[in-house]
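Secondary and tertiary structure notes
Chain residues, written in single-letter form:
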Amino acid sequence: MWKTAILILSVTSAVWSGVPLERQNLPSTPRQEVPVSGYRLPNNTIPLRYNIELTTHVHDHQSPNQFDFNGKVTILLRVLEENVQNITLHYRQITVTHVKLADATNAVLEDDDSSFTTDVTYEFLVILAPSVLRIGNYSLELEYHGELRTDNGGFYRSSYTDVNGNTRWIATTQFESTDARHAFPCYDEPGTRAPIGLKLTHGNAYHAISNMPIKSSLPWNATYTVTEFEDTLAMQTYLLAFVVSDFAFISNTENKQSVYANPVSISNGDLNFALEAGVKVINALENYLQVKYSFPKLDQIGIPDFAAGAMENWGLVTYREEALIYNSTKSPMGQLKRTASIIAHEYGHQFFGNLVSPKWWSYLWLNEGFATLMQYIAADKAYPDLRIQDMATVEALQNAFQSDALENTRPMNSYVETPTAISALFDDIAYDKSGSVLRQLQHAFGDTVFRAGLKYYLDAMQFKAATPADLAAALQRAVDAHQALPSTTNVSDIINSWADQSGYPVLHVSRNTDNVITLSQERYLLKRSRDAVKGTWYLPYNMATSQASDFSSTLPHDWLIDQTVELRPSAALNWTNDDWVIFNKQQTGYYRVNYDDKLWELITHELHHGNHSSIHHLNRAQLIDDSLNLARSGHLKYDITLKLIQFLTKEEEYVPWASLNNGLAYLNRMLAGSNKYNLFKKYVWELVEPSFHKFGLENKPSDTHFAKLVRNILINWACQVGSEDCLTQTNSQLAEVVSNKTEDIDPNLKGVVYCNGLRNADSNTFQYVLDRMHRSQDPSDRMLLISALGCSENTALLEMYLATSLDETGDFGYRGQERSRVFSAVYVNGRVGLETAMKFLDANAATIDRLYNGGSFGGRAIGSAVTGMARRVVNKEQYDEFLAMSTRLESAGYLNAGELSTAKELSGENVQWTNTYFNVIESWLEANVKSGAVRFGTASMMAVTTVATLVAVLL
């Protein structure tokens with residue numbers, strides 16, 4: 001499943017780059033020291049196959065039963081133990097009306113409407129046998145009915161508006177992690193598999209699709225058709241999917257792939273790229289893994305209302321509609337990259353998660369970690385010009401570093417049982433940390449060995465449930481065959497060191513006057529304690545020096561297993577006391593690196609006065625991210641960091657700028673209230689000005705994908721610090737849109753132009769853009785405009801905008817997932833947005849909880865929002881208000897204890913930072929930045945009001 005992410009149009013994000021900086025619905029999950037138990041099935045019976053029959057009336061808008069469904073499931077099962085008293089299954093929000101149980105001879109043991117009990121808390125449906133059951137096969141038939149849900153989970157309803165303005169309803173599914181039980185009673189656990197047969201009865205004007213090809217589709221009567229599908233292979237219940245709709249589709253019959261969506265998107269050609277990417281990505285995965293895709297077809301479908309980003313249902317992958325859409329004339333290049341990456345992630349699941357499943361949700365990272373790794377590998381192979389693998393550093397690894405640096409972060413292996421706790425596991429640890437740890441193994445073992453190990457794993461465990469020990473055994477086999485590890489080191493110990501303990505290390509590097517380098521490791525925490533935090537990982541390390549500046553090989557020089565080791569120069573790897581050294585080549589290891597002051601000085605000198613490109617661009621990004629965060633946590637002096645990053649005046653690569661973008665945004669938030677803030681803006685302007693003028697504000701035909709992304713970052717920062725050129729040009733472009741002088745803006749610049757043009761716009765301008773968003777039927781366009789509207793710094797306008805997210809009349813046309821986007825767009829954009837959002841949440845928590853959770857995977861919209869807001873609390877006054885609000889939300893049941901703990905830690909760390917470093921940075925700025933404002937004068941202020949004036953005239 002693709003992690004739900006929002007691209008927020010602010011200075012804190014690489015706009016439309018596909019960098020998911022705002023992790024809506026994916027907070028870091030606190031450890032649960034005492035897991036709640038009793039939610040697991042007894043597993044004294046197992047399914048051998050399911051036959052499901054469902055009837056839906058979703059096509060009939062005149063029927064009072066339009067959203068009802070009827071079902072019958074026949075389960076062939078096996079009793080595994082003697083003297084079993086009953087059969088326990090999962091169910092959710094359905095009414096069972098009849099039970100029929102027969103033995104292997106077809107002798108009916110019971111046939112009534114009462115031989116069962118239900119447990120709403122544990123969601124157990126218990127079939128009461130008339131006598132004890134012996135070991136053997138049985139047939140259980142259950143009849144039931146239910147209602148298509150409205151919360152985007154289970155068997156639910158969604159809708160779209162056709163070309164005539166009519167609402168068209170569809171019936172669709174989202175079963176991961178525990179919602180298959182809403183469509184049919186079943187053994188709803190990830191380690192349990194069985195083949196599934198499916199029949200859907202639906203309106204004649206609609207069609208049905210599912211995981212497998214259609215076996216037959218025959219009229220049942222004048223109104224209904226029965227569509228039957230071929231049986232699936234043995235599979236988990238959460239991977240079953242089916243959609244009843246009147247959607248259109250395009251196909252590649254040779255490769256047996258199709259893409260479905262509402263007819264308008266199909267006719268516009270918006271899905272052509274998704275079909276092309278699907279074919280390229282599955283070929284890339286099959287070639288890389290040397291394992292064939294298992295099902296006879298592979299379809300994709302865009303669903304208008306969808307809580308998760310995408311879902312890897314075997315043979316029928318479902319997506320949020322905007323995730324599949326790419327229009328070559330209207331969409332930014334970042335959307336092409338994002339679509340390719342999402343497809344690669346979900347197709348990666350066809351092998352990791354589908355072909356081989358985790359034995360229990362504790363090992364979710366075997367699904368999501370591998371899918372995250374495969375999204376970069378496969379998408380990069382499908383579209384090498386986009387350089388998608390380079391983005392893994394800033395998108396996955398450096399993002400995971402933030403969540404994983406908290407004291408209460410969880411380990412990759414985390415045992416949970418309740419549905420709520422299971423949903424909470426779909427976090428940055430399961431996706432980005434796990435994917436980065438697996439990437440570390442790929443580079444530490446070597447790609448050839450790693451691929452061989454993955455093939456062993458997939459071959460040995462196909463159609464089975466796996467644990468990390470199974471992965472370790474397969475990789476060990478490959479390692480032994482290639483002698484890829486020292487004899488004293490084994491794969492199981494390596495994996496356990498990363499999967500079983502929370503957090504990650506910082507590698508300390510120091511060099512003495514005898515030219516001896518000492519390496520040591522400790523756990524890295526944002527909130528640094530006085531004493532080193534003990535922790536030992538199997539840490540692969542390598543290095544480059546000014547004498548041996550080859551960054552191409554990422555194989556380890558050795559493994560740091562103990563806490564400390566000493567290195568001396570050798571013929572193979574030599575250095576002097578005057579040489580710079582860089583550890584963790586291409587930042588393939590999942591750890592930070594801190595150097596002694598002298599080594600930082602030598603690195604800084606090379607970046608400033610030598611050839612900065614002699615250090616690999618991914619390591620330049622590493623140096624930026626590590627130094628900013630090491631300074632933030634007290635491991636490094638800020639004067640070292642602020643001097644080092646000044647080399648960016650000559651930087652042209654995207655990944656270093658993206659690393660700066662993320663880290664500098666934190667300083668920008670924290671210093672916004674300083675009386676030296678103008679000096680900070682001057683410092684930032686000096687960083688970006690050379691590249692801003694070089695790249696300009698207009699895209700060129702010769703631009704690479706990365707060049708366009710760099711330009712967006714530069715424009716955002718230039719406008720944020722008050723560049724007259726930036727503000728004049730972005731505001732004039734929005735003014736032209738408003739005055740209808742131009743149809744639209746270059747799609748690659750649209751986000752930054754709208755965001756910066758709206759910062760100081762008046763109510764008429766704001767209302768114009770708001771109306772445009774509400775009229776738009778293009779989900780990608782709506783996403784951009786929703787985010788851009790949050791850039792306003794006018795409290796009254798933001799209050800009005802937030803209020804629209806609670807509208808239930810339908811006038812604003814928000815989908816469930818869009819309501820929470822409105823809220824996120826506001827709180828990420830500075831002090832005004834945060835404080836406005838806090839007051840809004842405090843006053844409207846009950847309504848927000850009800851409406852926002854329709855678009856929130858796992859139903860934790862408020863918990864996710866509070867975690868996001870906590871990262872933006874910057875002073876004691878905000879902290880007190882935020883903590884009081886959060887405590888009230890917990891008391892009312894909208895926050896759980898773990899979410900409150902995480903929010904306290906994040907916001908408290910910010911306040912502590914302010915108390916410790918605020919004056920330090922102010923003093924440095926005063927001493928090192930010449931006073932004088934950025935060129936932000938009357939002309940730019942006039943430009944800000946130009947749009948408002950034009951709108952007033954037009955209206």
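Naming follows an unreviewed UniProt entry, where the protein chain appears as Aminopeptidase of Aedes aegypti. Quoted straight from UniProt, the Sequence similarities (unreviewed entry) entry for the protein chain says "Belongs to the peptidase M1 family." Heading Catalytic activity (unreviewed entry) of the UniProt record for the protein chain holds this comment: "Release of an N-terminal amino acid, Xaa-|-Yaa- from a peptide, amide or arylamide. Xaa is preferably Ala, but may be most amino acids including Pro (slow action). When a terminal hydrophobic residue is followed by a prolyl residue, the two may be released as an intact Xaa-Pro dipeptide."

1. Details of the overall build of the protein chain
Secondary structure summary: the protein chain contains 29 helices and 30 strands in total. What you see for the protein chain is a C-alpha radius of gyration of 28 Å, in line with the 30 Å of a compact globule of 955 residues. Summarising its shape, the C-alpha atoms of the protein chain cover approximately 90 × 80 × 55 Å along the three principal directions. When the accessible surface of the protein chain is summed, it comes to about 32,700 Å², and 48% of that surface belongs to carbon and sulfur atoms.

2. Observations regarding the state of the cysteines
Taken as a whole and assessed by the stated rule, the structure comprises two disulfides. Each sulfur in the disulfide pair cysteine 719 and cysteine 726 lies 2.0 Å from the other. Judged by the sign of its S-S torsion, about -95°, the bond between cysteine 719 and cysteine 726 is left-handed. The class of cysteine 719 is buried, set by a relative accessible area of 4%. Paired through a disulfide, cysteine 755 and cysteine 791 show a sulfur-sulfur distance of 2.0 Å. Since a negative S-S torsion denotes a left-handed disulfide, the cysteine 755-cysteine 791 link at about -100° is left-handed. In this pair, cysteine 755 is assigned in helix 20 (residues 750–758) and cysteine 791 in the loop between helix 22 (779–789) and helix 23 (795–804), connecting sequence segments 36 residues apart. The same class applies to cysteine 755 and to cysteine 791, which are both buried. With its bonded cysteines labelled in order along the sequence, the protein chain shows the pairing 1-2, 3-4.

3. A few points about the domain arrangement of the protein chain
Domain annotation of the protein chain identifies domain 1 (46–246) and domain 2 (334–500). When each unit is reduced to the centre of its C-alpha atoms, the spacing between domain 1 and domain 2 is 32 Å. Each partner contributes to the interface: domain 1 provides 15 residues, whereas domain 2 provides 18 residues. Both faces considered, domain 1 and domain 2 share a buried interface measuring about 1,100 Å² in area, 58% of it formed by carbon and sulfur atoms. When the buried surface of domain 1 facing domain 2 is broken down by residue, Ser177, Pro190 and Arg193 rank first, second and third, together holding 44% of it. Inspection of the region where domain 1 meets domain 2 yields zero salt bridges. Our count for the contact surface shared by domain 1 and domain 2 stands at five residue pairs in polar contact (both at pLDDT 80 or more).

4. Description of the pairing of strand 23 (residues 505–511)
Burial analysis of strand 23 places six of its seven residues in the buried class, the great majority of the element. Relative to strand 24 (residues 517–523), strand 23 runs antiparallel, the two sharing seven bridges. Bridging across to strand 24, histidine 508 finds its partner in serine 520. Connecting the antiparallel pair strand 23 and strand 24 is a turn made up of five residues, with asparagine 515 showing a positive phi of about 70°.

5. Things to note about the UniProt feature "site: Transition state stabilizer" (unreviewed entry) in the protein chain
Sites flagged by UniProt as "site: Transition state stabilizer" (unreviewed entry) map to Tyr431. Under the relative-accessibility criterion, tyrosine 431 is labelled buried at 1%. Excluding its chain neighbours within four sequence positions, the residues that come into contact with tyrosine 431 are Met1, Trp2, Lys3, His345, Glu368, Gly369, Thr372 and Phe426. A distance of 2.7 Å separates the side chain of tyrosine 431 from the backbone oxygen of methionine 1, its partner in a polar contact.

6. So, the sheet that holds strand 18 (residues 298–303)
The pairing of strands in a sheet happens through backbone hydrogen bonds and is either parallel or antiparallel. The mixed open sheet is built from five strands, whose spatial order is 16-17-18-20-19. Whereas interior strands pair on both sides, the edge strands pair on one side only; in this sheet they are strand 16 (248–252) and strand 19 (310–311). Inspection of the sheet shows strand 17 (residues 257–261) paired to strand 18 by four bridges, in the parallel sense. In the strand pairing of strand 18, valine 259 is matched with glutamine 300. Relative to the sheet, helix 5 (residues 333–349) contacts strand 17, strand 18, strand 19 and strand 20 (316–320), its axis offset from that of strand 20 by approximately 145°.

7. Notes on the packing of aromatic side chains
What the rule picks out here adds up to 42 aromatic pairs. Summarising the aromatic geometry, the rings of tyrosine 541 and phenylalanine 583 are spaced 6.4 Å apart at their centres and angled 45° between planes, so their arrangement reads as tilted. Of this pair, tyrosine 541 sits in strand 25 (residues 539–541) while phenylalanine 583 sits in strand 29 (residues 581–583), and the two are 42 residues apart along the sequence. The exposure class of tyrosine 541 is buried, given its relative accessible area of 2%. Classification of phenylalanine 583 as buried rests on a relative accessible area of 0%. Seen in terms of ring centroids, phenylalanine 766 and tyrosine 801 are 5.8 Å apart; in terms of plane orientation they differ by 80°. Their pairing is edge-to-face. Taken together, the positions of phenylalanine 766 in helix 21 (residues 763–775) and tyrosine 801 in helix 23 put the pair 35 residues apart, joining distant regions of the chain. There is no split in this pair, since phenylalanine 766 and tyrosine 801 are both buried. Counting every residue linked through ring pairs, the aromatic cluster contains Phe401, Trp498, Tyr504, Tyr524, Trp537 and Tyr590. Above the plane of the ring of tryptophan 360 lies arginine 40, whose end atom (NZ or CZ) is 3.6 Å from the centre. A cation sits over an aromatic face here: arginine 632 above tyrosine 666, 3.7 Å from the ring centre.

8. Focus on unusual backbone geometry
Residue serine 177 is reached from glutamate 176 by a cis peptide bond, and omega for that bond is 10°. Structurally, serine 177 is set in the loop between strand 10 (167–174) and helix 1 (180–183). Phi at asparagine 83 takes a positive value of approximately 65°, unusual for a residue other than glycine. With respect to the helices, strands and loops of the structure, asparagine 83 is situated in the loop between strand 2 (68–79) and strand 3 (84–90).

Procedures and definitions
- Residues numbered from 1 in each chain as written.
- Predicted model: local features only at pLDDT ≥ 70, side-chain atom pairs only at ≥ 80, totals over all residues.
- Heavy atoms only, no water.
- UniProt positions renumbered as here; feature names shortened; annotations may be inferred.
- Helix = DSSP H or I, 4+ residues; strand = E, 2+ residues; numbered from the N terminus.
- Rg over C-alpha atoms; globule rule 2.2 N^0.38 Å.
- Areas by Shrake-Rupley, 256 points an atom, 1.4 Å probe, with all protein chains shown as cover.
- Disulfide = S-S within 2.5 Å.
- Buried < 20%, exposed > 50% of the residue type's maximum accessible area, 1.4 Å probe, protein only.
- Domains from an automatic or database assignment.
- Contact = heavy atoms within 4.5 Å.
- Buried area = accessible area lost by both parts, 1.4 Å probe.
- Salt bridge = Lys/Arg side-chain N within 4 Å of Asp/Glu carboxyl O.
- Polar contact = N/O pair within 3.5 Å; in protein donor to acceptor, adjacent residues only side chain to side chain.
- Pairing = 2+ DSSP bridges.
- Axes fitted to C-alpha atoms, helices over the stretch in contact; angles between N-to-C directions.
- Phe/Tyr/Trp six-rings, centres within 6.5 Å; stacked < 30°, edge-to-face > 60°.
- Lys NZ or Arg CZ within 6 Å of the ring centre and 35° of its normal.

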